[in-house]
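# Summary of the model geometry
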Amino acid sequence: MSRTGPLLSARGVGVRYDDNPILSDVDVDIRGGELVVLVGPNGAGKSTLLGVLAGDIEPTVGGVSLDDKPLPAYAARELARQRGVQLQKQGLAFGFRVREVVQMGRSPWHRTAREDDDERVVSESMQRADVVEFAARLYPTLSGGEQARTSFARLLAQETPVLMLDEPTAALDIRHQESLLAVARSAAQAGAAVVVVLHDLSLAAAYADRIVMLAHGRVCANGVPRDVLTSELLTEVYEHPVEVIDHAGALLVVPVRTRAVESHAGEEVRCATPWPHA
Ligand code: ADP
Ligand code: MG
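Residues numbered from 1 in each chain as written. Chains lettered and ligands numbered in written order. Predicted model: local features only at pLDDT ≥ 70, side-chain atom pairs only at ≥ 80, totals over all residues. Heavy atoms only, no water.

Our focus in this paragraph is the overall build of the chain. Along the chain, the regular secondary structure elements total nine helices and 12 strands. For 278 residues, the compact-globule formula gives about 19 Å, and the C-alpha radius of gyration of the chain, at 20 Å, lands near that figure. Summarising its shape, the C-alpha atoms of the chain cover approximately 65 × 50 × 40 Å along the three principal directions. A separation of at least 24 residues holds for 63% of the contacts in the chain among residues at least 6 apart in sequence. Counting every atom, the chain has about 14900 Å² of accessible surface; 52% of that belongs to carbon and sulfur. Separation of charge centres in the chain, based on 28 positive and 37 negative side chains, amounts to 5 Å. (Helix = DSSP H or I, 4+ residues; strand = E, 2+ residues; numbered from the N terminus. Rg over C-alpha atoms; globule rule 2.2 N^0.38 Å. Contact = heavy atoms within 4.5 Å. Areas by Shrake-Rupley, 256 points an atom, 1.4 Å probe, with all protein chains shown as cover. Lys, Arg positive; Asp, Glu negative; His and termini not counted. Charge placed at Lys NZ, Arg CZ, Asp CG, Glu CD.)

Listed below in structure tokens is the structure:
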């Protein structure tokens, strides 16, 4: 399959709840092969836009097409084979073990030829999300970060050409933040259209092909990280002074802080507990 147009295309999208505009005049395109990061302050409309792009929220005006077909024309199962969503707020999945949660990602492929791949795909997805060691654990007993990684494994197991993730790194440690985004990027390199909501702007700079910035329900910037992540724009949009530092080719986005952090120069801080992997 070769296509030149975007895989996902939102045109003139507006959402209103009780007459409050939540999204207005949103036009966004996402192509196969690109990782687009959605950023913006709390309440800017990121999760709402992701819901609209996923077909889970019906816009008040405008619409979204996926592979040139309007989302409302998709049957639920057909849509589930095209796009997977990792939500910001996860259900608790009471009584389910981690491997079972990941297996749920395969449900759109039940009774198709691809069902034969289920076990292999579930195992590979668990490895890529680093949840193999929790396979037999009950999902609600996991930590927040472990639950997020399990949700990511389920998303990977769904094997869709469009992946949407809402703040997937919010509860993750540094290693797992980096590995999740590296896996998301490799999915894009393999042709998927990937949309990720992130708050960490340095992380966005490192992994995004393109950044779409929302403020007050509108797209206020859409471009490569270097064009969007400027001190002027971020300071205005986040209503807090922000500095952007170019460090060895990487953009670091740092809030300006008024109180200097106390210096601990000279003290050597070491981990006192025995290292379990040694
Ligand atoms: P973000 O993800 O950028 O933090 P959201 O898209 O979740 O923002 O929400 C945008 C705004 O819309 C917020 O002010 C939120 O309170 C409001 N909102 C979201 N969903 C609803 C809803 N179902 N009913 C009323 N207001 C909502
Ligand atoms: Mg949100």
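Still more to cover.
Next up on the list: the site of ligand 1. Lining the immediate surroundings of ligand 1 are Y17, I22, P41, N42, G43, A44, G45, K46, S47 and T48. Between an oxygen atom of ligand 1 and a main-chain N or O atom of G43, the distance comes to 2.8 Å. Here an oxygen atom of ligand 1 and a side-chain polar atom of K46 are 2.8 Å apart. Starting from 560 Å² of accessible surface for ligand 1 in isolation, the protein chains cover 56%. Sort the elements by how many residues they give to the shell around ligand 1 and helix α1 (residues 46–54) lands first, with three residues. Here the shell around ligand 1 is composed, by residue class, of four nonpolar, five polar and one charged. (Near = heavy atom within 4 Å. Polar contact = N/O pair within 3.5 Å; in protein donor to acceptor, adjacent residues only side chain to side chain. Nonpolar A, V, L, I, M, F, W, Y, C, P; charged D, E, K, R; others polar.)

Under the defined criterion, the tally for this structure stands at zero aromatic pairs. Sitting over the face of the ring of Y74, K69 holds its NZ or CZ atom 4.5 Å from the ring centroid. Lying across the ring of W109, R114 places its NZ or CZ 3.7 Å from the centre. (Phe/Tyr/Trp six-rings, centres within 6.5 Å; stacked < 30°, edge-to-face > 60°. Lys NZ or Arg CZ within 6 Å of the ring centre and 35° of its normal.)

Looking at soluble globular proteins, one finds that nonpolar side chains tend to be buried together. In terms of nonpolar packing, the biggest core is built from 51 residues, with V37, F152, L165, V194, I211, M213 and L229 touching the most fellow members. Listed in part, the 29 residues of the second largest apolar core include V13, V15, L23 and L38. (Core = buried A, V, L, I, M, F, W, Y, C linked by side-chain atoms within 4.5 Å. Buried < 20%, exposed > 50% of the residue type's maximum accessible area, 1.4 Å probe, protein only.)

On to the sheet that holds strand β7 (residues 162–166). Pairing within the open sheet is mixed, and its six strands lie in the order β6-β7-β8-β3-β9-β10. The open sheet has two edge strands, β6 (83–86) and β10 (218–223), and neither has a second partner. Averaged over all adjacent pairs, the angle separating strand axes in this sheet is 15 degrees, with direction ignored. By the bridge criterion, four bridges tie strand β3 (residues 35–39) to strand β8 (residues 193–197) in an arrangement that is parallel. From the neighbouring strand, L38 faces β8, where its bridge partner is V197. On the sheet, helix α5 (residues 144–157) packs against β6 and β7 and is oriented at approximately 175 degrees with respect to β6. Running at roughly 35 degrees to strand β9 (residues 210–215), helix α9 (residues 231–238) makes contact with β3, β9 and β10 of the sheet. (Pairing = 2+ DSSP bridges. Axes fitted to C-alpha atoms, helices over the stretch in contact; angles between N-to-C directions.)

On to the coordination of the magnesium ion (ligand 2). Taken together, the protein donors to the magnesium ion (ligand 2) comprise S47 (OG) and Q88 (OE1), at separations of 2.1 to 2.5 Å. With a gap of 41 residues between them, S47 in helix α1 and Q88 in the loop between β6 and α3 (98–104) connect regions that are remote in the sequence. Of the residues examined, S47 reaches a relative accessible area of 31% and is grouped as partly exposed. (Donors = N, O, S within 2.8 Å, 3.2 Å for Na, K, Ca; no water.)

Taken by themselves, the reported measurements are silent on function.
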